[in-house]
Amino acid sequence: MLVSIITVNLNDRVGLERTCASVFKQSFTDYEHIIIDGASVDGSLDYIETHNDKFSYWISEPDSGVYCAMNKGIRQAKGKYLLFLNSGDILCNDKVLSDVKPALGNDIGFIYGNLRIEGENGESFINKYPEVLDFNFFKTTSLGHASTFIKRSLFGIYGEYRTDLKIVSDWAFFLSAICIEKLSYLKIDKTISIFYEGGLSTASTYDKLHKEERKNVLLENFDLYEQGYNELLDEYRKFNIWISLINDKLPVVVSNRYTLKIVNFVISLLGGILIKKRQ
């Protein structure tokens, strides 16, 4: 099995039908489709049961959130690569999996393409991701989850999606795997999927939580974002101004809070010695 498509659904029968229709029409057949439903009460279960012969696995039961549901799908998946196509989102055309197949033959951690965004106001655009992914990219945005094929074995090595994060767990996984673990990735210049805004990750009511979760992940992994860093940076700037008055050829460079504390201590010590010598 080359690809496992995992669809998470909760009370979105219309979106589920749209997603499944785009999968059923694929000319590529070496895939399995897994449905994880969160005990929907809007008729989604009726639709799933009617088409159960087209799903390799499905379940409808309560869960603790979207990433809990995705993890259930990961555990059932048998494909070399996973594609998370949540309820409502669709593959961009009938041949997209066939077009991507050659790239999936490589032993690469992440294979990603472009993502078409359909806005709630009717406007749409194609989000084209860069060929080079680094911290500067991930500190402000993320890969399109619905346009990224993830090697299944990575979840066994580096762990499943964090369920303590409600919105940004896929971003946190990408950030850790690519920026910290330096895992391989490949950009293919094709539009993979169409993502419809209005879900949890784009809802304005969750904007504050979204920012807070991203900040906490950065604090956990990169001490540059340590709480209090801005205050320490202000102190550094003040010391730098002060030390330049003593000798303008003593530039001070810092990269994190620990270095900053050491530099501040040394500056204070040297500054005091220089002042005494001048006196």
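Data block above holds the structure.
This section reports on the structure supplied with the text. (Residues numbered from 1 in each chain as written. Predicted model: local features only at pLDDT ≥ 70, side-chain atom pairs only at ≥ 80, totals over all residues. Heavy atoms only, no water.)

1. Considerations on the overall build of the protein chain
Put simply, the test is: Think of it this way: any DSSP run of H or I at least four residues long counts as a helix, any run of E at least two long counts as a strand, and we number them from the N terminus. Type-normalised accessible area, obtained with a 1.4 Å probe on protein chains alone, sets the label of each residue: buried when under 20%, exposed when over 50%, and partly exposed for intermediate values. Contact criterion: two residues are considered in contact whenever any of their non-hydrogen atoms come within 4.5 Å of each other.
Helices and strands together make up the secondary structure of the protein chain, namely 10 helices and nine strands. The 279 residues of the protein chain split such that 45% are buried. A sequence separation of at least 24 residues applies to 76% of the contacts in the protein chain between residues at least 6 apart.

2. Concerning the packing of aromatic side chains
Note the cut-off: Only Phe, Tyr and Trp rings take part, Trp by its six-membered ring, and two of them pair if their centres are within 6.5 Å. Stacked means planes under 30 degrees apart, edge-to-face means over 60, and tilted covers everything else. Charges are assigned to positions over rings by a cutoff of 6 Å between ring centre and Lys NZ or Arg CZ, combined with an angular limit of 35 degrees from the ring normal.
For the structure shown, the criterion picks out 12 aromatic pairs. With centroids separated by 6.0 Å and ring planes inclined at 40 degrees, the aromatic side chains of Phe24 and Phe55 adopt a geometry described as tilted. Of this pair, Phe24 sits in helix 1 (residues 13-24) while Phe55 sits in the loop between helix 2 (44-50) and strand 3 (57-60), and the two are 31 residues apart along the sequence. Taking the relative accessible area as the measure of exposure, Phe55 reaches 7% and is therefore buried. Pairing Tyr161 with Phe173 gives two aromatic rings, centres 5.6 Å apart and planes at 75 degrees, and the pair type is edge-to-face. Placement of Tyr161 in the loop between helix 6 (153-158) and helix 7 (169-180) and of Phe173 in helix 7 is noted, with a sequence separation of 12 residues between them. Looking at Phe173, the relative accessible area reads 8%, which means it is buried. By the ring-pair criterion, three or more aromatic residues cluster together here, those being Tyr67, Phe84, Phe110, Phe155, Tyr161, Phe173 and Phe174. The lysine or arginine in question, Arg18, covers the ring of Tyr196, its NZ or CZ lying 4.0 Å from the ring centre. The ring of Phe24 carries the charged tip of Lys54 above its face, separated from the ring centre by 4.4 Å.

3. Examining helix 8 (residues 207-221)
Put simply, the test is: Multiplying one less than the number of residues by 1.5 Å gives the expected span of a helix.
Taking 1.5 Å of rise per residue, the 15 residues of helix 8 would be expected to cover 21 Å, and the 22 Å separating its terminal C-alpha atoms lies within 8% of that figure. When we look at burial in helix 8, the residues that qualify are Glu213, Arg214, Val217, Leu218 and Leu219. Structurally, helix 8 contributes buried residues whose contacts are with helix 5 (135-138) and helix 7.

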